[in-house]
Amino acid sequence: MQEGFSKLNQTHLSTLKEEGILVLPDFISKQTIDLIKEETSPWLEKVGFNNRTSSLIMGNNQWIEHLGMCSLAALKFALDDQFINFLEDYFETSVTLGSFSLQRKIFPEEGIRLHREIGEGLNVFLYLTNPSEKTGVTEFVKKSHNTEIEESYVLKNKVDDAIYIDLEKSPFKSKPLFKPTGGKGTLVIFHRGIWHQLPKFQAPGRTVLIMQYFQKDSLAKDHLVRNSFLQSLSDRQRQVYLSNCSSSFSPSLVELGSDPGAMGVYNIAAWKKLAYFLRYKLVSKV
Ligand SMILES: O=C(O)CCC(=O)C(=O)O
Ligand SMILES: [Fe+2]
């Protein structure tokens, strides 16, 4: 793939390790971004409301949870050889693709308060739309990924999908918040332990690919993938993609599969999913 991956170097690696976040503006070519959009748009149009279909609505988000079913371009990006080399240098061992999805914001929202993800590894966002405060851009406390937080700061939450704290009462209160900038094709790689938040935003439309990468032997999502796509991958790419799949990996906002109760920690009621779907169909402007 003719992308910026060949330019990744030791400086990028050190930045990611030291700051907990690496932003690569306009890193992926317009052609690839357009191709990913073209391959995913039919899936976004054919939306379903429950957890059995390829594209679904949960709250303010539309998801394609298993991108390997619809976009070979996205798959080649996520498993790019040079990118995997970079990730292996970071983890100092082989890696596994923990999850591989697309998220589109279909409504404005209040945002997500300051939190860190549960568990080790890296999260990667590829922006298919311009990162902008109007459509929602994540803010990070640089270098906060190795900070121990006292239990007293941690907020009690209905859903245990991350660890949340109150920014105003936290040790990060006076620290600057860093926002990624760039155009379509901007790549943001961050340590799952870095403290970050999504501020309130006004307009729907933000579309991002969201990937998780873990070091080998960590449990990954039970990825669904089109067989013809698998044929075009190398053994190494298949290894990264499928070697540690587990249907018990959670939490995830959405799940696909044969288990009707598969909503992990979210446990969203069927009537609520239907309400989300109807709201999207009747009111959404995207
Ligand atoms: O959507 C975003 O910008 C951030 C989302 C996030 O941090 C999360 O879901 O854990
Ligand atoms: Fe997060």
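All values derive from a computational prediction rather than experimental measurement.

K.L.:
What should I look at first to understand the overall build of the protein chain in this one?
P.N.:
Counting secondary structure elements, the protein chain contains seven helices and 13 strands. In terms of overall dimensions, the protein chain is globule-like: its C-alpha atoms have a radius of gyration of 18 Å, near the 19 Å expected for 286 residues. Considering only C-alpha atoms, the protein chain reaches an extent of 45 × 40 × 35 Å along its principal axes. With 286 residues in all, the protein chain has 38% of them scored as buried. Residue pairs in contact within the protein chain that sit at least 24 positions apart in sequence constitute 82% of those at least 6 positions apart.

K.L.:
Would you mind going over the site of ligand 1 with me for this structure?
P.N.:
The local shell around ligand 1 consists of Ile112, Glu117, Gly136, Thr138, Ala162, His196 and Leu198. Residue classes in the shell around ligand 1 are distributed as three nonpolar, three polar and one charged.

K.L.:
I'm lost on unusual backbone geometry in this one. Help?
P.N.:
With glycine set apart, most residues show a phi of negative sign, and most peptide bonds adopt trans. Here the phi dihedral of Asp26 falls at roughly 50°; this positive angle occurs in a residue that is not glycine. Along the polypeptide, Asp26 turns up in the loop between β1 (21-24) and α2 (30-45). You can call Asp26 partly exposed: it has 16 C-beta atoms within 10 Å. Its identity is not glycine, yet Glu92 carries a phi of approximately 60°, on the positive side.

K.L.:
I'm lost on the sheet that holds strand β7 (residues 139-140) in this one. Help?
P.N.:
One open sheet holds the four strands; their spatial order is β7-β10-β5-β8, and the pairing between them is antiparallel. If you trace the sheet from one side to the other, it starts and ends with β7 and β8 (162-164), each paired once. Two elements, strand β5 (residues 112-117) and β8, share three bridges in a ladder whose sense is antiparallel. Along β8, the bridge assignment pairs Glu117 with Ala162.

K.L.:
Just to check I follow, could you spell out the environment of Arg226 for this structure?
P.N.:
Position of Arg226 among the secondary structure elements: in the loop between β12 (220-221) and α5 (227-231). For Arg226, a count of 14 C-beta atoms within 10 Å translates into the label partly exposed. Separated by 67 residues in the primary sequence, Arg226 and Val159 have C-alpha atoms spaced 32 Å apart. What Arg226 contacts, discounting residues up to four positions off in sequence, is Gly68 and Met69.

K.L.:
So what exactly am I meant to see when it comes to the pairing of β5 here?
P.N.:
Looking down a regular strand, the side chains alternate between one sheet face and the other. In this sheet, strand β10 (residues 196-198) lies alongside β5 in antiparallel orientation, the contact comprising two bridges. Bridging across to β10, His115 finds its partner in His196.

K.L.:
Could you clarify how one ought to interpret the sheet that holds strand β3 (residues 61-64) in this entry?
P.N.:
The strands making up a sheet associate through backbone hydrogen bonding, with each pair oriented either parallel or antiparallel. Spatial strand order, β1-β9-β6-β11-β4-β3-β2: seven strands in an open sheet with antiparallel pairing. Taken across any chain shown, the strands that pair with only one partner, and hence form the sheet edges, are β1 and β2 (55-58). Strand-to-strand twist of the sheet, defined as the mean angle between neighbouring strand axes without regard to direction, takes the value 20°. In the packing of α2 onto the sheet, the strands contacted are β2, β3 and β4 (95-105), and the crossing angle to β3 comes to about 120°.

K.L.:
Mind showing me how you'd approach the confidence of the model for the protein chain here?
P.N.:
Detailed reading of the predicted coordinates is not advisable wherever pLDDT is low. Confidence along the protein chain averages 90 in pLDDT terms, with 91% of residues attaining 70 or more. Segment residues 256-262: pLDDT under 50, and ten contacts once partners within four positions in sequence are set aside and those in other chains are kept.

K.L.:
I tried to follow the environment of Lys46 on my own but got confused; where do I start?
P.N.:
Mapped onto the fold, Lys46 is located in the loop between α2 and β2. Taking the C-alpha atoms as reference points, Lys46 and Ser144, separated by 98 residues in sequence, lie 40 Å from one another.

K.L.:
Any chance you could explain the environment of Gly182 here in plain terms?
P.N.:
Assignment of secondary structure puts Gly182 in the loop between β8 and β9 (187-191). Excluding residues that lie within four positions of it along the chain, Gly182 makes contacts with Val23, Pro25, Asp26 and Pro131.

K.L.:
Just to check I follow, could you spell out the pairing of β9 for this structure?
P.N.:
Along β9, five of the five residues are buried, which leaves the element largely enclosed by surrounding structure. Going residue by residue along β9, you find Leu187, Ile189 and His191 tucked away on one face and Val188 and Phe190 tucked away on the opposite face as well. Examined bridge by bridge, β1 and β9 share four bridges and lie antiparallel to one another. Each residue of the ladder has a partner; that of Leu22, found in β9, is Ile189. As defined by bridge partners, strand β6 (residues 122-127) adjoins β9 across five bridges and the pair is classed as antiparallel. Paired with Leu126 across the strands is Leu187, a residue of β9.

The rules behind each value
Residues numbered from 1 in each chain as written. Chains lettered and ligands numbered in written order. Predicted model: local features only at pLDDT ≥ 70, side-chain atom pairs only at ≥ 80, totals over all residues. Helix = DSSP H or I, 4+ residues; strand = E, 2+ residues; numbered from the N terminus. Rg over C-alpha atoms; globule rule 2.2 N^0.38 Å. Buried ≥ 20, exposed ≤ 12 C-beta atoms within 10 Å, placed from the backbone. Contact = placed C-beta atoms within 7 Å. Near = placed C-beta within 6 Å. Nonpolar A, V, L, I, M, F, W, Y, C, P; charged D, E, K, R; others polar. Pairing = 2+ DSSP bridges. Axes fitted to C-alpha atoms, helices over the stretch in contact; angles between N-to-C directions. pLDDT = per-residue confidence, 0-100.

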